[in-house]
Amino acid sequence: MSSVNLVAREVAAKIVFYGPGLSGKTSTLRKIYETVRPAHRGEMMSIATEGDRTLFFDFLPVKVERVNDCTVRLALYTVPGQVFYNATRKLVLQGADGVVFVADSQPEMMDANRESMANLQENLLEQGIRLERFPLVVQWNKRDLPSALPVAELREALNPRLVPDFETEAISGKGVLDVLKGITRLVIQDLRAKRIVPPPRAANPVAAPRPAGRGLEAELSQHLVGRTPVSAPAASTASSVAAPRPAMPSRSMPAVGASPQVVVPPTAPPGLTGQRPLGAASALAPSDLFDHARAAEGAFASGDYGTCIQACLDAARRGLALAGEGPLGAQAYLLHVDGGDLLKLQTLGARGGNHRVDDAAFALYVLMQIFTRLHTAGLPAPATE
């Protein structure tokens, strides 16, 4: 669920790409990642498995400047396509503000498309959300294949409500940005309807007027590689288009009108110039645990998975200690952290020998789960004067 930082005038929204295995979810996200300017994207994490290309998630914060006088940050995720990983699907889907359903246009994939759509509806219902009342767009992928079914036939089977749908070729990127713009529009409309996006601040009579044509498409386009921003009168451009403001890793303000989630900073702050952008764990980390998260991500990036697991375990213990004194299990219970996940992390930390990439990825996942629970609980508490 989205969150609002009233001080920074920032809204964070989560969009999940859902669909059957190998339908093009990961390819779509990779194409978006390649298209967005490096200064406005975070680090994408992807785990390849034997039967699919995503085990946990791909994480990509994308920044969209100024909607309703607020900076919007989009966190884009994919879910694993295989039914075996349905528990992971449910976890990634939690707190989503919108879904892109990526359907495979091939005739032999229709049963898998239907099964995945039914699974999406079922998993949302477990969260008390009805799919027909949720921001959703459908992506008809692999339209370049000769065997691709007609869109009318796909629409009849998978999109009877006629939500916005788009034809795409994820490998080449054709239509992919239209999908991103379409779901972003629906998410912003939903946030406004729920009064989550604050109204614009009173206009400053001294400031120059905002140029015409600065709609959502223009705001997205200005961050794309090789795209020319929407033109505006030269006299007003400098004063009307706000420059991106780097986000320091710090405690976020609680959400307004929703369960608090984490406002994700998309790029490294000025003090980290020359280092890699913020990863998923460091973007979620409380300021006191930021260095520990960066150490874990650095070890993961260098292939030192044992060190990554140990760093995650150390950060997890420190994070859980913020819930108060007592055994680790009791602290995890107070923060609603999955005890089974924590036990598995401890087992990985105690195990010697070589560790696999999915072991380290799991450790990072548990650490991010703890960071999210800490934020929801308002921990660590802000310092008082």
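Residues numbered from 1 in each chain as written. Predicted model: local features only at pLDDT ≥ 70, side-chain atom pairs only at ≥ 80, totals over all residues. Heavy atoms only, no water.

1. Quick look at the packing of helix H9 (residues 290-301) against helix H10 (residues 305-321)
Rules: Axes here mean lines fitted to C-alpha atoms, for a helix over just the part in contact, with angles spanning 0 to 180 degrees between N-to-C directions. Strands here are runs of E lasting at least two residues and helices are runs of H or I lasting at least four, both read from the DSSP assignment and numbered beginning at the N terminus. To sort the angles, those under 35 degrees are grouped as roughly parallel, those over 145 as roughly antiparallel, those from 65 to 115 as roughly perpendicular, and the leftovers as oblique. Crossings are classed by handedness, with left-handed meaning an anticlockwise turn of the near helix from the far one by less than a right angle and right-handed meaning a clockwise turn. Contacts were defined at the residue level, with two residues in contact if any of their heavy atoms lie within 4.5 Å.
At a minimum axis distance of 7 Å, the contact between H9 and H10 shows a crossing angle of 165°. When the axis of H9 is compared with that of H10, the two are roughly antiparallel. For the pair H9 and H10, the crossing hand works out as left-handed. Where H9 approaches H10, its residues His-292, Ala-295, Ala-296, Ala-299 and Phe-300 are matched on the opposing element by Tyr-305, Thr-307, Cys-308, Ala-311, Cys-312, Asp-314, Ala-315 and Arg-318.

2. A look at the pairing of strand S4 (residues 70-78)
Our working definition: Relative accessible area decides the class of each residue, using a 1.4 Å probe on protein chains only: under 20% of the type maximum gives buried, over 50% gives exposed, and in between gives partly exposed. Two strands pair if DSSP finds at least two bridges between them.
Counted residue by residue, S4 has nine buried out of nine residues, so it is predominantly covered. Burial of the side chains of S4 extends over both faces: Cys-70, Val-72, Leu-74, Leu-76 and Thr-78 are buried on one face and Thr-71, Arg-73, Ala-75 and Tyr-77 on the other. By the bridge criterion, eight bridges tie strand S2 (residues 10-18) to S4 in an arrangement that is parallel. When the sheet's bridge partners are listed, Ala-13 is paired in S4 with Leu-74.

3. Notes on the environment of Leu-145
Residue placement: Leu-145 occurs in the loop between strand S6 (136-141) and helix H4 (151-158). Residues Leu-145 and Glu-169 lie 24 residues apart in sequence; the distance between their C-alpha atoms is 9.0 Å.

4. Describing the packing of aromatic side chains
Threshold: Here is the rule: rings of Phe, Tyr and Trp (six-membered ring for Trp) pair when centre to centre is within 6.5 Å. Planes less than 30 degrees apart are stacked, more than 60 are edge-to-face, and the remainder are tilted. In this scheme, the term charge over a ring applies when either NZ of a lysine or CZ of an arginine sits within 6 Å of the ring centre and within 35 degrees of the ring normal.
In total, this model carries two aromatic pairs according to the counting rule given. Sitting over the ring of Tyr-33, Arg-41 keeps its end group 4.1 Å from the ring centre.

5. Quick look at unusual backbone geometry
Note that the residue after Leu-379, namely Pro-380, is joined by a cis bond; omega there is -10°. Of note, Pro-380 is situated in the segment after helix H13 (357-376).

6. Notes on the pairing of strand S5 (residues 98-104)
Of all seven residues in S5, seven are buried; the element is thus mostly enclosed. The pairing of S2 with S5 spans four bridges and is classified as parallel. In the strand pairing of S5, Ile-15 is matched with Gly-98. Here six bridges tie S5 to S6, and the two strands are oriented parallel to one another.

7. Examining the pattern of salt bridges
This is how the line gets drawn: Any Lys or Arg side-chain nitrogen found within 4 Å of a carboxyl oxygen on Asp or Glu counts as a salt bridge.
Within this structure, the stated rule accounts for twelve salt bridges. Close ionic contact of Glu-34 with Lys-31 constitutes a salt bridge, the shortest N to O distance being 3.3 Å. Remark: Lys-31 and Glu-34 occur in helix H1 (residues 25-35); sequence separation between them is three residues, near one turn of the helix. Of the charged contacts in the structure, one is a salt bridge between Asp-358 and Arg-356, with a shortest N-O distance of 3.2 Å.

8. Some details on the confidence of the model for the protein chain
The criterion, for reference: What pLDDT reports is the predictor's confidence in each residue, on a scale of 0 through 100.
On average, the protein chain scores 77 in pLDDT, and the residues at 70 or more come to 70%. Counted against residues more than four places away or in other chains, residues 228-275, with its pLDDT under 50, gives 108 contacts.

9. Here we look at the packing of H10 against H13
Relative orientation and spacing of two packed helices are given, respectively, by the angle between their axes and the distance between those axes. Close contact between H10 and H13 brings their axes to 9 Å; oriented N to C, the two are set at 20°. Classified by the angle their axes make, H10 and H13 are roughly parallel. As H10 packs across H13, the resulting crossing turns out to be left-handed. Contacts between H10 and H13 pair Tyr-305, Cys-308, Ile-309, Cys-312, Ala-315, Ala-316, Gly-319 and Leu-320 from the former with Val-357, Asp-359, Ala-360, Ala-363, Leu-364, Leu-367, Ile-370 and Leu-374 from the latter.

10. Things to note about H10
Along an α-helix, residues three or four positions apart point the same way, because every turn accommodates 3.6 residues. Test applied: Any helix carries an expected span of 1.5 Å times its number of residues minus one.
For H10, built from 17 residues, the straight-helix expectation of 24 Å at 1.5 Å per residue is met to within 8% by its first-to-last C-alpha distance of 24 Å. Every buried residue belonging to H10 is among Cys-308, Ile-309, Ala-311, Cys-312, Leu-313, Ala-315, Ala-316, Gly-319 and Leu-320, and all of these are buried. Residues of H10 that are buried in the fold lie against H9, helix H11 (328-334), helix H12 (339-350) and H13.

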